[in-house]
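# Structural overview
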Protein chains: 2
Amino acid sequence: MAAAAGTEERGGSPQTIRAQLAVREMLMAGEIRPGERVSELAIVERSGASRTPVRAALMALADEGLLDPIPTGGYAARSFSVREVLDAIELRGTLEGLAARFAAERGASAARLADMRATLTQLDAVVDALQCNGDAFEDYVALNGRFHAQIAAAADSAVLERQIERAQSLPFASPNAFVAAQSAQKRQSLLFAQEHHRCVFDAISQRQGTRAESLMREHSRLAAQSFALSARSGEALAHVPGAALIRLTAI
Amino acid sequence: MAAAAGTEERGGSPQTIRAQLAVREMLMAGEIRPGERVSELAIVERSGASRTPVRAALMALADEGLLDPIPTGGYAARSFSVREVLDAIELRGTLEGLAARFAAERGASAARLADMRATLTQLDAVVDALQCNGDAFEDYVALNGRFHAQIAAAADSAVLERQIERAQSLPFASPNAFVAAQSAQKRQSLLFAQEHHRCVFDAISQRQGTRAESLMREHSRLAAQSFALSARSGEALAHVPGAALIRLTAI
DNA sequence: GAAACAGTTTATGTATACATTACTCCGTGA
DNA sequence: TCACGGAGTAATGTATACATAAACTGTTTC
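What this report covers is the structure whose coordinates are included nearby. (Residues numbered from 1 in each chain as written. Chains lettered and ligands numbered in written order. Predicted model: local features only at pLDDT ≥ 70, side-chain atom pairs only at ≥ 80, totals over all residues.)

## Remarks on the overall build of chain A
Counting its secondary structure elements, chain A contains 11 helices and five strands. Burial statistics for chain A: of 251 residues in total, 46% are counted as buried. Put simply, of all contacts in chain A between residues at least 6 apart along the chain, 78% involve residues at least 24 apart. (Helix = DSSP H or I, 4+ residues; strand = E, 2+ residues; numbered from the N terminus. Buried ≥ 20, exposed ≤ 12 C-beta atoms within 10 Å, placed from the backbone. Contact = placed C-beta atoms within 7 Å.)

## A closer look at the protein's contact with DNA strand D
Every one of the 17 residues lining DNA strand D counts as a neighbour, but Ser13, Gln15 and Ser50 of chain A together with Gly73 and Gly74 of chain B are closest to it. Where the surface near DNA strand D is concerned, the elements lending two or more residues are helix H2 (14–29) and helix H4 (51–64) of chain A together with helix H3 (40–47) and helix H4 (51–64) of chain B. Here the surface near DNA strand D is composed, by residue class, of four nonpolar, 10 polar and three charged. (Near = placed C-beta within 6 Å. Nonpolar A, V, L, I, M, F, W, Y, C, P; charged D, E, K, R; others polar.)

## A look at the protein's contact with DNA strand C
Close to DNA strand C lie 17 residues; Glu40, Gly73 and Gly74 of chain A together with Ser13 and Ser50 of chain B are nearest. Of all elements in the fold, only helix H3 (40–47) and H4 of chain A together with helix H2 (14–28) and H4 of chain B reach the threshold of two or more residues within the surface near DNA strand C. Here the surface near DNA strand C is composed, by residue class, of four nonpolar, 10 polar and three charged.

## As for the relation of the copies chain A and chain B
By a simple turn and slide, chain A fits onto chain B: the slide is 0.0 Å along the axis, the RMSD is 0.1 Å, and the turn is 180°. Read as a symmetry element, the transformation amounts to a two-fold axis. When the interface residues of chain A are mapped onto chain B, 100% of them are again interface residues, pointing to one common binding face. (Least-squares fit on C-alpha atoms with pLDDT ≥ 70 in both.)

## Focus on the interface of chain A and chain B
Facing the 19 residues of chain A at the interface are 19 residues of chain B. For the side of chain A that touches chain B, the elements supplying multiple residues, two or more each, are H4, helix H5 (82–106) and helix H8 (158–169) of chain A. Residues belonging to the side of chain A that touches chain B are distributed by class as follows: 10 nonpolar, five polar and four charged.

## Overview of the sheet that holds strand E3 (residues 75–77) of chain B
Residue and element names in this part refer to chain B. Ordered by their spatial adjacency, three strands build an open sheet running E1-E3-E2, and the pairing between neighbours is antiparallel. For this open sheet the edge positions go to strand E1 (37–38) and strand E2 (67–69), each flanked by a neighbour on one side alone. Both E2 and E3 contribute to a ladder of three bridges, which runs antiparallel. Its bridge partner lying in E3, Leu67 is registered against Ala77. Packing of H4 onto the sheet brings it into contact with E1, E2 and E3, and relative to E2 it is tilted by some 100°. (Pairing = 2+ DSSP bridges. Axes fitted to C-alpha atoms, helices over the stretch in contact; angles between N-to-C directions.)

## A few points about the environment of Ser226 of chain A
Tracing the backbone through its elements, the reader meets Ser226 of chain A in helix H11 (residues 209–232). Of the residues examined, Ser226 of chain A has 23 C-beta atoms within 10 Å and is grouped as buried.

## Overview of the sheet that holds strand E2 (residues 67–69) of chain A
Within the open sheet, the three strands sit side by side as E1-E3-E2 (chain A). Their pairing is antiparallel. Strands with a single pairing partner mark the edges of an open sheet, and in this sheet they are strand E1 (37–38) and E2 of chain A.

## With respect to helix H6 (residues 110–132) of chain A
Residues three or four positions apart in an α-helix share a direction because the helix packs 3.6 residues into each turn. Taking 1.5 Å as the rise per residue, H6 of chain A with 23 residues should run 33 Å; its terminal C-alpha atoms sit 34 Å apart, in good agreement. Within the span of H6 of chain A, buried status applies to Met116, Thr119, Leu123, Val127 and Leu130 of chain A. (Expected span 1.5 Å × (residues − 1).)

## Side note on the packing of helix H5 (residues 82–106) of chain B against helix H7 (residues 137–154) of chain B
Packed helices, taken two at a time, are described by the angle between their axes plus the distance between the axes. Residues and elements named next belong to chain B. Close contact between H5 and H7 brings their axes to 7 Å; oriented N to C, the two are set at 55°. Compared by their axis directions, H5 and H7 come out oblique. Once H5 is placed against H7, the crossing between them reads as left-handed. On H7, the residues touching Glu96, Ala99, Ala100 and Ala103 of H5 are His148, Ile151, Ala152 and Ala154. Per-class residue counts for the contact of H5 with H7 are six nonpolar, one polar and one charged. (Parallel < 35°, antiparallel > 145°, perpendicular 65-115°, else oblique. Left-handed = near helix turned anticlockwise from the far one by under 90°.)

## Section: the packing of H2 of chain B against H4 of chain B
All names here are of chain B. Their axes nearest at 8 Å, the elements H2 and H4 cross at an angle of 60°. Here H2 is positioned oblique relative to H4, judged by the angle of their axes. As for how H2 packs across H4, the hand of that crossing is right-handed. Side by side, H2 and H4 meet where Gln15, Thr16, Ala19, Gln20 and Val23 of the first sit next to Pro53, Val54, Ala56, Ala57, Ala60 and Leu61 of the second. Considering only residue class, the contact of H2 with H4 consists of eight nonpolar, three polar and no charged.

Following this line, the structure appears as structure tokens:
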């Protein structure tokens, strides 16, 4: 379900999608371990689709970064180091920073700004609720993702939006989603994050491109720090298993 | 040949590569016009490969941004506006700016720095030669591409390097390659570009991350201006045909 | 006992046949 | 003349059969 939120309008044929989901499930369930070869036949048996759409699914997943092509043929499940995760977070922040700049310089429409403001208001409510219980965390993830997507869209650049989508599709773009709600410290960082969101929004609506960009990058640095902290405290493994990485977006 | 320089180690099966080349050739030759549907059967007849590898090739090209998926199935040749080209150039500059920062902050190895210095020296010679005749322009494109690739590699981040590769693979990332040599004004801009290259290199070797990043972004702005000028003077079309866009890298 | 070679098995690369869907064209009716 | 509908065609989606290459295992030899 969490995965579905990020892949709402995934293009592709029905059987190809089924095969993709099967691979994701197998990775989540740990049936395929990092570094291990992903056999076409195994996916065929699991998904019920034939080899052609399975091949298409594997190609797409490899392109997404979830699988690694093997030189002699076929694919292997990838594993990720903490440093790679940090790089991915910074990369995403850089791209979204550029988007924030574009949104500010090109002048986001009043309708877009209103939408973003609405999202921020909803986020406020969810963050408040999170101070009491952790149940609303899925909501936070969804709303946060929406806000970031709204900025990417406000940049009004299909080229950039596409690239951001790709950077997000990196499974490790922000894998701290599911740990972030665990400690009080993390909840506190969500308050900071929400403050950042508001600052970025203000900069965009005031057409301050440079400021919007640097704020967005600073925002991503918070996410990186938060993840680095988790990694150091053992909440995240040095080599995070692919299973845990399907989760999406936070901070 | 120019295309081959950028796609040296393209992975994939033999027949898939043949099919990809066939599509590129058909786009270059204008046999497929922007917006037009790319028929699988046409590629099959042209390339000699069967439908399975042709499908794989089309998927890869669509992923590269050269083709657009049609909702009901199949792909269409894309066309690009001047603004999209400018966005792509700025995007690439932003990513390479981040790479320059990483290279500076993480400390590129002496060997890497020596390699970059060697490339710069060769570039100097080629730029000098270009002041006399335009024959050496292919060399300039190749060397320039190598320098940029060296920076991407010096960042020592597989995640970022991969993303840069993708941004470069956008066919319109810097399509002014083949027009840049035409006028004396353009040749002059290559001198500026080379000056930028040296500045970026100095910043990296002096471990000045922020300066390296901003210099790289400024460098990309030069490329954007150069292209914008070409576009305004009619050297580039408002909607550049895909044919002209297979060319790679300049400035 | 270890290493190398050969045979077998299993995997992917490739080709093609079949099914299904979308688009087009022609005809009929208003 | 225009609009609606149906049939035909051509496209992609899917499945499977075949070819080839790689990996593994077993045996043999040093």
